[in-house]
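# Structural characterization, general
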Amino acid sequence: MKSRIPAPQGPILPIGTPVMPGLRPVIPKPEAPIKPPVGERLRPPLRKPAPKVPDPTQQENARLAALAAEFIRQFGAPGLSVAFSRGGTLIYRRAFGHTGADRRTLLTPDHVFRIASVSKPITSACIFALTAKGLMKLQDPVFGPQGILGRRYTVDPSLFGINVLHLLQHSVGVWSNERDDPMFMSSEISQAGLILSTLARTRLIIPPGRHFAYSNFGYCLLGRVIETITGGRSYQDVVKQFILDPCLINSMRIGKGAPGGRLANEVEYLCQMGGNPYANNVERMDAHGGWVGTPADLVRFALRVDGFSTPPDILPSHAIKTMTTPSFANRGYACGWAVNEASNWWHDGGLPGVATILVRTGTGFTWAGFTNTRTPSIGNSLDQLMWKMMAAL
């Protein structure tokens, strides 16, 4: 699963670089020195209670529909689903097109999509919820005699320095998604078997915390951290208790890989880049890319961890500040969120047959957009589309 998260070593997705100058972080050149984070610049202002937002006018609806239709036409997408909020209130929730390439069934806002790497902010929020409960610390080691997973996995001693924060920030320095991503190899192997085999061949040359390497496998390990800390409960159940239920989200589940395993009301996926949307072991991706849901679900989630006063957040303010403060390894990425100095937080995602994005702006807007196809340039264009739709509201 690729992501357009900015990295000091260069972008790691072929689908384009960030857009909207002044709103997105600039990707530094490889030789650029890494500066310490400027946390205070990321502290969001309190959001004032918003007045009642009127429904979009007929003219606005027509403009939004035209933007969606052009996107669907340009990319041959079966459908597009979006949700927008302003000032903590959901103001627009629409679906355009169809659930599949056969164009037999109209897409509705209640149809669910694989959200791919937009799963990572959810996993991160769950980790911070557990730290807020005093069940763990970000500095807790993951491996070794005192590690959270020390009894589950035997690893090379070079991995003993990895802590929870390193996994959240993709700063372990290995298991990159640029090439030979473990999570997309040997789909027939169980999650437990994949973790064992991957760890058995891992050695660290550079200590963790110094090098950014976007890692799906690292977030898979965070899922196992969550399970271990909670006494062996499933990752999905723990996220439901600590994140989804408090956000009043009830339609999100971990997806299935085979077409026969599609969830109720789930769209069909059209891949235009080669590959099979149903060949990936989606259940194995749980904590890094396995969730299925609607754009409105993701907006509801983001509104409860956005640092604004309304609606009330489900995490303490100090936890949200830490979660969205960039690391020393990458000034454009925090803990499960890409961030910039305009106080915008976001994450995008992609799997064969789907492209997704979730954005929270420092000016009080939040949105999510999903489409059930994927092309080399669709991620960047989906991002641009959502900014245009926001401007039209």
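Quick caveat: nothing in here was measured; it's all calculated off a predicted structure.

## Points about the overall build of the chain
Of the regular secondary structure elements, the chain holds ten helices and eleven strands. When each of the 393 residues of the chain is scored for burial, the buried share is 58%. For the chain, the computed accessible surface area is about 15,800 Å², with 55% contributed by carbon and sulfur atoms.

## Focus: the packing of helix α2 (residues 119–132) against helix α5 (residues 216–229)
Contact geometry for α2 and α5: axes closest at 10 Å, N-to-C directions at 35°. For the pair α2 and α5, the sense of crossing is left-handed. Contacts between α2 and α5 involve Lys120, Thr123, Ser124, Cys126, Ile127 and Leu130 from the former and Asn216, Tyr219, Leu222, Val225, Ile226 and Ile229 from the latter. In terms of residue class, the contact of α2 with α5 is built from eight nonpolar, three polar and one charged.

## Some remarks on the pairing of strand β10 (residues 365–371)
Taking burial as the measure, the seven residues of β10 include seven buried ones, the bulk of the element. Residue alternation in β10 divides its side chains into two sets, Phe365, Trp367, Gly369 and Thr371 and Thr366, Ala368 and Phe370, and both sets are buried. The pairing of strand β1 (residues 79–86) with β10 spans seven bridges and is classified as antiparallel. The partner of Ser81 across the bridge, within β10, is Phe370.

## Remarks on the packing of helix α1 (residues 58–75) against helix α10 (residues 378–392)
The N-to-C vectors of α1 and α10 enclose an angle of 170°; their axes lie 10 Å apart at closest approach. With respect to α10, the element α1 is oriented roughly antiparallel. Two secondary-structure elements touch here, α1 through Glu60, Arg63, Leu64, Leu67, Phe71 and Phe75 and α10 through Ile378, Ser381, Leu382, Leu385, Lys388, Met389 and Ala392. Of the residues in the contact of α1 with α10, the class split is nine nonpolar, one polar and three charged.

Conventions and cut-offs
Residues numbered from 1 in each chain as written. Predicted model: local features only at pLDDT ≥ 70, side-chain atom pairs only at ≥ 80, totals over all residues. Heavy atoms only, no water. Helix = DSSP H or I, 4+ residues; strand = E, 2+ residues; numbered from the N terminus. Buried < 20%, exposed > 50% of the residue type's maximum accessible area, 1.4 Å probe, protein only. Areas by Shrake-Rupley, 256 points an atom, 1.4 Å probe, with all protein chains shown as cover. Axes fitted to C-alpha atoms, helices over the stretch in contact; angles between N-to-C directions. Left-handed = near helix turned anticlockwise from the far one by under 90°. Contact = heavy atoms within 4.5 Å. Nonpolar A, V, L, I, M, F, W, Y, C, P; charged D, E, K, R; others polar. Pairing = 2+ DSSP bridges. Parallel < 35°, antiparallel > 145°, perpendicular 65-115°, else oblique.

As far as function goes, none of this settles anything; it's purely spatial.
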